[in-house]
Amino acid sequence: MSGLLGVRLLLLWGSACLWLPGLTRGALVISGAHEALQETRGAARSLQKRSTVEATVEVHSVTLHCTVTSRFAHTVMTSKALNKANTSQEIFFEVELPKTAFITNFSMEIEGEVYVGEVKEKEKAKKQYEKAVSSGQTAGLVKASGRKMEKFSVSVNIAGGSNVTFILTYEELLQRKLGQYEILTRVKPKQPVQEFQIVTNIFEPQGISYVDAHAAFLTNDLLPLVEKTVTDKKAHISFSPTMEQQRKCPGCDETLIDGDFIIKYEVNRAKSLGDIQIVNGYFVHFFSPPDLPRVPKNVVFVIDRSGSMSGQKIRQTREAMLTILKDLHEEDYFALIVFDHRIDSWQESLTKATKGNVAQAMDYVRQIHDYGGTDINDAVLKAVEMLVKDRQEKKLPERSIDMIILLTDGMPNEGESHIPKIQENVRSAIGGNMSLFCLGFGNDVDYSFLDVMSKQNKGLARRIFEGSDATVQLQGFYEEVSSPLLLEVDLRYPDNAVDFLTKNHFNQLFNGSEIVVAGRLMDNDLNNFMVEVFGQGFEEDFNVQGEASAVDWDVMYPDEEYIFGNFTERLWAYLTIQELLEKSKTGTTDEKTNTTAKALDMSLHYSFVTPLTSMVVTKPETEDGTESPLIADKLTEEQRQMAERMGYVHKYAAPPVHTSYHQPPPTYFVDGDPHFMIELPDRDDALCFNINDKPGTIFNLVRDPTSGILVNGQIIGDKKISPDGKMNTYFWRFGIIHQTLGVRLLVSTWDISVFQDGKQVKLLWSDTAGLKGPNVDLLLTKDRSLTVTLKDSVKFVILLHKVWEKHPYHRDYLGFYTLDSHLLSPSVHGLLGQFYHGIEYEVTDLRPGEVPEKPDATMFVKGQELNVTRGWQRDFRRDVKNGENVPCWFIHNNGTGLLDGEATDYIVSGLFKTF
């Protein structure tokens, strides 16, 4: 496969997709739908041309059949294709499925031979995975795809005249949000398909109150093709356009069908006890009683205003908060805390949400501006202190719920910054007496930290994705938790009748949501299966009880051949595994070990692909007689975040691809503590390393004896050691010499001095100025940057990072960026200079690292084998305040193995010295 460059053939499907590689040279990595394909080294850019061999593969059908039985969805995606050519062809199958779903089966049928995927323990599949990656194959079949979906991809080589059928099955429990259930199918065929069909059957014994199906691509001509039949307890939805109906224009190969096909529905809710289904020895209880009054809430909003929130994020946060404040009910109490390295509050206690108070709070929100570091620990503890104090002083309604909503976009870097200690502090302070909801804004936040901390404190975490709709996301989350109906809900069942019960105590029930409990019956004697539900309501306690009985599905659906008879058992298993996975993130070491072992055992027993298991797909033997196993994993939210941060797909050891489009030149810089970065656009990659030494040390960055250019930099330390014992160092002065031109510059965080022909010109960073001379041009942007252009030679950009003058630890510092480095001679060297004329390396053996978001790998460079870690550094050229994350391979130990010699070899005695 590595010698083929993919050219799209045909179809896609929710998103099942088949396509055929053409014979263009280059390596291909399988990934998403057309616009999301990621190939190695820019090969994707040649995918725009159609292939002359496309007609040699004929897609017979693409179908999706989804059966929903009491909220439990069982989906089967099938695609059939024929290779009409005389020679073999590589055909790809791609499907996008909801990230909440578990894959349960995958198979390929080729000329009557069936190849079935096998669910194995992840650790046992790991060796096959590493072997495939190290040999240059793309072993991972599952990738993140947008916010809600995952992409499953597999390819197979099909002999001429042969058929192939791909079948993927997955299952999920539909979650009720804002009063409805949603079935999402992503449809991106990119061209008309011979037999295209979506069929969904919904069976709900409670009765169906409404069903709606829609998609943005449904034109007036396509809309009538959506067939919807709804009876009391069943709904049937189908969409099956012909090839001609799919076309954008008569005879053309473009399709109208492109986007999400969404079905939403709701069930009847007449019983206060909820709905209980008993089938084949298992039961499931859905609880969401109608017409309950909301419980008043006392909410403290804790808002990050640190420097990284600048620009669109802080603006969207203000917009969302203004809307949220307007939606507060008058019986609610609220408070506002904003934080960077300081903690400020609008009022010192919670305030009733009267129109006047809300209007004043909105004025306060409009004045929130970004600045400083991130002290999450003290900000959350301040919120807890407020709620505790107001409770003790009886300022809050007795029957009300206390909650904290934290919004942050970054890592704690002020005050207490050790994450386990922050979690311990917050858990101890809250003491189980309130709920903490955490919203992680963007990709820099440590989602795992927020997820664990919220679950330890009766809450949940949610990612807020950067984008134009971030305001809507924030408002949407608040809407989900804004109306509590019951607190401390207990669902009780006869002890002598039920075992292996899922979670049956819930801290709160919110309007529009639903509680689901499942369990196994100890026998089939249902004469006395009593169910009781207790909870704390607004004005009085909620208490209801009733007797459950089994449902006769044959009587309820006499015209249906019911093929999903064990749905209650699989729903119970799905729910149990999800809960065990959540428990494995918290608790003692023994508790984590036990819950993980139970979750693994159940995942294997029920053939669910979960974060603990993998599906191993063994493809048919290739022409050289070798098998090619591929691995399908389940992505955690942390892994999805990592993929978004990094944007890489095993492409680092691919052969070079020569392309005709313009590539931006490489960039070499040092910024921060001090972080060295070599950006390599031609490889769509970067390398990075840190240099740690004592304050006052001077390093040579660039030395070109041919042109006479020299750049040295001196590092400075923090004002004092921070409480975590860390001393950061930064560059604060640079000396630049062009001996041939007789120019010398001294740039510090204080000022800029230019020396030439015995004369000195001094500039202040508070100036905005442009100086043009016969040998050097300077462009100074006030308090931001200095661009130095040496005649007929290299260009340097120096960035000023200003820190709050009264900051207890940090100081102002400088960043140094090299542009047009190709103009320097081949003899250029230095910490940065040695990379100016390129570097050859390969990365293989991708494997989990110490931090889940940062995998390790093996790098071969300069004849050495190094352990490297995938991370990221910031490039501040476009945004000097926040920077842009650049994924890079981090070389440990001061760049040892990547650098020529040791870092200490580059220490010099003065800013204008060469030794």
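Because the structure is predicted, anything quoted here is derived from the model rather than measured.

To continue, consider the sheet that holds strand S14 (residues 208-214). Strand pairing in a sheet is mediated by backbone hydrogen bonds. Such pairs are either parallel or antiparallel. Pairing is antiparallel in the open sheet, where three strands are placed in the order S12-S17-S14. Since the sheet does not close on itself, it has two edges, and those belong to strand S12 (181-187) and S14, each with one partner. The sheet shows a mean angle of 10° between the axes of neighbouring strands, direction not considered. Inspection of the sheet shows S14 paired to strand S17 (residues 259-267) by six bridges, in the antiparallel sense. When the sheet's bridge partners are listed, Asp212 is paired in S17 with Lys264.

A few words on the pairing of strand S13 (residues 196-203). Of all eight residues that make up S13, seven are buried, and the element is covered over most of its length. In this sheet, strand S16 (residues 234-239) lies alongside S13 in antiparallel orientation, the contact comprising six bridges. Residue pairing for S16: Ile198 is matched across the bridge by Phe239.

With that settled, consider empty space enclosed by the protein. Summed over all chains, the structure comprises four cavities of 30 Å³ or more. One number sums up the size of the largest cavity: a volume of about 110 Å³. Contributions of two or more residues to the lining of the largest cavity are made by strand S20 (297-304), helix H3 (312-326), strand S24 (401-408) and helix H8 (470-481). Residues belonging to the lining of the largest cavity are distributed by class as follows: 13 nonpolar, one polar and no charged. What the second largest cavity holds in volume is close to 60 Å³. Within the residue set of the lining of the second largest cavity, elements represented by two or more residues are strand S3 (57-69), strand S4 (72-83), strand S11 (163-173) and S12.

Turning our eyes to something else, we now look at the side chain of Thr818. You can see Thr818 is positioned in strand S48 (residues 813-819). The class for Thr818 is buried, based on a relative accessible area of 0%. Those residues in contact with Thr818 that lie beyond four places of it in its chain are Thr667, Tyr668, Val794, Lys795, Phe796, Leu832 and Tyr836.

Time to look at helix H5 (residues 376-392). When the terminal C-alpha atoms of H5 are compared, their 24 Å separation across 17 residues agrees well with the 24 Å that a helix rising 1.5 Å per residue should span. Buried positions along H5 lie against S20, strand S21 (333-339), strand S22 (343-345), S24, helix H6 (419-430) and helix H7 (447-455). Put simply, Asp375 is the residue that caps the front of H5, since its side-chain oxygen is 3.2 Å from the backbone nitrogen of Asp378. A positive backbone phi angle near 55° is found at Lys394, which sits one or two residues after H5.

Looking now at the state of the cysteines. By definition, a disulfide links the sulfur atoms of two cysteine residues through a covalent bond. Here the structure, examined in full by the defined rule, presents two disulfides. A disulfide bridge connects Cys688 with Cys888, and the sulfur atoms are separated by 2.1 Å. Note on the Cys688 and Cys888 pair: the S-S dihedral is about 75°, so by sign convention the disulfide is right-handed. Taken as a pair, Cys688 in strand S37 (residues 685-690) and Cys888 in strand S52 (residues 884-891) lie far apart in primary sequence, 200 residues in all. Pair check on accessibility: Cys688 and Cys888 agree, each one buried. Numbered by order of appearance in the sequence, the disulfide-linked cysteines of the protein chain pair as 1-2, 3-4.

All right, on to the environment of Thr896 then. As for its placement among the helices and strands, Thr896 is situated in the loop between helix H13 (892-895) and strand S53 (907-908). Judged by relative accessible area, which is 34%, Thr896 ranks as partly exposed. At a separation of 2.5 Å, a polar atom in the side chain of Thr896 contacts the main-chain carbonyl oxygen of Asn893.

Spatial ordering of the open sheet is given by S29-S27-S31-S32, a layout of four strands whose pairing is antiparallel. Strands at the two margins of the open sheet, each flanked by one partner only, are strand S29 (505-510) and strand S32 (541-547). Across the sheet, the axes of successive neighbouring strands diverge by a mean angle of 25°, strand direction being ignored. In the sheet, strand S27 (residues 484-492) pairs with S29 via five bridges, with the strands oriented antiparallel.

Turning our attention to the pattern of salt bridges. Going through the model one piece at a time under the given rule, you end up with 39 salt bridges. A salt bridge links Asp451 to Lys585, with the shortest nitrogen-to-oxygen separation between them at 2.8 Å. Here Lys585 lies in the loop between helix H10 (567-583) and helix H11 (589-605) and Asp451 lies in helix H7, a separation of 134 residues in the sequence. Exposure remark for Lys585: the relative accessible area of 31% places this residue in the partly exposed category. For Arg870, the salt bridge goes to Asp685, with nearest N and O atoms at 3.0 Å.

This model, assessed by the stated rule, comprises 30 aromatic pairs. Relative to Phe689, the ring of Phe676 lies with its centre 5.0 Å away and its plane at 5°, an arrangement referred to as stacked. Residue Phe676 is found in strand S36 (residues 675-680), and its partner Phe689 is found in strand S37; the two are separated by 13 residues along the sequence. Across the pair, Phe689 and Phe676 agree in class, each one buried. Counting every residue linked through ring pairs, the aromatic cluster contains Phe72, Phe102, Tyr282, Phe500, Trp572, Tyr574, Tyr606 and Phe608. One cation-aromatic arrangement involves Arg71 over Phe286; the distance from NZ or CZ to the ring centre is 3.8 Å.

Scoring rules and cut-offs
Residues numbered from 1 in each chain as written. Predicted model: local features only at pLDDT ≥ 70, side-chain atom pairs only at ≥ 80, totals over all residues. Heavy atoms only, no water. Pairing = 2+ DSSP bridges. Helix = DSSP H or I, 4+ residues; strand = E, 2+ residues; numbered from the N terminus. Axes fitted to C-alpha atoms, helices over the stretch in contact; angles between N-to-C directions. Buried < 20%, exposed > 50% of the residue type's maximum accessible area, 1.4 Å probe, protein only. 1 Å grid on protein atoms, 1.4 Å probe; cavity = no way out; pocket = protein on both sides within 12 Å on 5 of 7 lines; lining within 4 Å. Points joined across faces, edges and corners; volume = space filled by probe spheres on them. Nonpolar A, V, L, I, M, F, W, Y, C, P; charged D, E, K, R; others polar. Contact = heavy atoms within 4.5 Å. Expected span 1.5 Å × (residues − 1). Polar contact = N/O pair within 3.5 Å; in protein donor to acceptor, adjacent residues only side chain to side chain. Disulfide = S-S within 2.5 Å. Salt bridge = Lys/Arg side-chain N within 4 Å of Asp/Glu carboxyl O. Phe/Tyr/Trp six-rings, centres within 6.5 Å; stacked < 30°, edge-to-face > 60°. Lys NZ or Arg CZ within 6 Å of the ring centre and 35° of its normal.

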